[in-house]
Amino acid sequence: MTRWLITGANSGFGRHLSEQLLTRGDRVVGTFRATGSVDDISARWPETFRAAHLDITDPVEITAVADSSWAALGRIDVVVSNAGYGLMGAAEELTDEQVTHQIATNLTGSIRLIRAVLPHLRRQGGGRILQLSSVGGQVAWPGGSLYHATKWGIEGFADALAGEVAPFGIGVTIVEPGGARTNFRYGSSVLAERIDAYDATPAAGIRRILTERTTQGIGDPARMAAAMITAAEQDPAPRRLVLGSDAFGSIETALTARLADVRAQRESAAETDAPLGGVAETDAPLGGVAETDAPLDRVAAGGPADRSA
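Residues numbered from 1 in each chain as written. Predicted model: local features only at pLDDT ≥ 70, side-chain atom pairs only at ≥ 80, totals over all residues. Heavy atoms only, no water.

Re the overall build of the protein
How we decide: Helix and strand definitions here come from DSSP, where helices need a minimum of 4 consecutive H or I residues and strands a minimum of 2 consecutive E residues; each element is numbered from the N-terminal end. Using a 1.4 Å probe on the protein chains alone, a residue whose accessible area is under 20% of its type maximum counts as buried, one over 50% counts as exposed, and one in between counts as partly exposed. Two residues form a contact once any of their heavy atoms are found within 4.5 Å. Shrake-Rupley sampling with a 1.4 Å probe provides the accessible areas, and residues are treated as covered by the protein chains on show and by no other component.
Counting its regular elements, the protein contains eleven helices and nine strands. Among the 309 residues that make up the protein, the fraction classed as buried is 42%. Counting only contacts in the protein whose residues sit at least 6 apart along the sequence, the fraction spanning at least 24 positions is 67%. Total accessible area on the protein stands at roughly 15800 Å², and carbon and sulfur atoms take up 54% of it.

The structure is reproduced here in structure tokens:
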């Protein structure tokens, strides 16, 4: 029996995950925002499902849910950071309040959740984290700038996190689903107020999709949830899990184009290197922040400062 903490268990992937796991006999703490939205799950699995209210933008409540989940179950094997929504519209069309709430929900909320569970996972000797991202964490389309900002941001966080927590037996998987037949597109997505000037621009495409409601995702959410469960049981943890042929095609195209852009700049990039006046050359990241501070053990281990990588 595996123990899970799943945010956003009331709908979409969170509900599919919860129902599949409970059906096979696992125990689940599932969070919700709307009162009554998981009552049917609680009624069907009263002994193995624990409902917990959570506003993912409330840091105090995040910590309380993490602590109470471990107190109730004694151990949590897999944490699924799933809560989030899509804010759509051209960047100029968005209000400051919308921008703040999108970031607080999709990015800082997920970061706070993971930070709240890490002490528990370390103390118990390991576990898994599944961070829900999106095809939009690798690809960016006009009309989704803020949504993409949060997904690209959480992928960067999770990528770095994986290296930080691997020594403690904690695996991290970034989940990148394409369009799925959930309520995400027409139920939970928020559309900004229209600015006429953008009507004939590429940013208007997403507005047409959301207002006309004539398309649906090709992804089967039940199959996607099953794939997430399988990934959580793999050892070592896969760093990324791409779900849907649309996601695979879009990500492959975007990465191929991005790599071509980078490779075209090999020589011009090298022209900005400083002359080697007796100072060891490094591949340190972060624009030079770590150029002289890279730990020697990291260099020896073949980390970012290892020239042979």
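The rest of the description comes next.
Points about unusual backbone geometry
Going from Asp235 to Pro236, the amide bond is cis rather than trans, its omega being 5°. Its place among the elements puts Pro236 in the loop between α8 (221–232) and β9 (240–243).

As for the packing of aromatic side chains
Inclusion rule: Any two rings among Phe, Tyr and Trp, with Trp reduced to its six-membered ring, count as a pair given centres within 6.5 Å; such a pair is stacked if its planes are under 30 degrees apart, edge-to-face if over 60, and tilted if neither. Working rule: Lys NZ or Arg CZ, within 6 Å of ring centre, within 35 degrees of ring normal, means a charge sits over the ring.
Taken as a whole and judged by the stated rule, the model has zero aromatic pairs. Between Arg122 and the ring centre of Phe168, over which it is positioned, the NZ or CZ distance is 5.8 Å.

Section: the pattern of salt bridges
Close approach of charged atoms lets side chains of opposite charge pair. How we decide: Counted as salt bridges are all cases of a side-chain nitrogen of Lys or Arg within 4 Å of a carboxyl oxygen of Asp or Glu.
For the structure on display, the rule yields 13 salt bridges. In this structure, Arg24 and Glu233 form a salt bridge, with 2.9 Å as the shortest nitrogen-oxygen distance. Taken together, the positions of Arg24 in the loop between α1 (12–23) and β2 (27–32) and Glu233 in the loop between α8 and β9 put the pair 209 residues apart, joining distant regions of the chain. For Asp159, the salt bridge identified is with Arg239, shortest N-O distance 2.9 Å. One end of the pair, Asp159, is in helix α5 (residues 145–165); the other, Arg239, is in the loop between α8 and β9, and 80 residues separate them in sequence. Of the residues examined, Asp159 reaches a relative accessible area of 25% and is grouped as partly exposed. A relative accessible area of 38% means that Arg239 is categorised as partly exposed. What you see here is one network of salt bridges that share partners, running through Glu155, Asp159, Glu176, Arg239 and Arg240.

A closer look at the side chain of Thr173
Position of Thr173 among the secondary structure elements: in strand β7 (residues 170–177). Not counting residues within four places of it along the chain, the set of residues in contact with Thr173 comprises Ile129, Leu130, Gln131, Ala237, Pro238, Arg239, Arg240 and Leu241.

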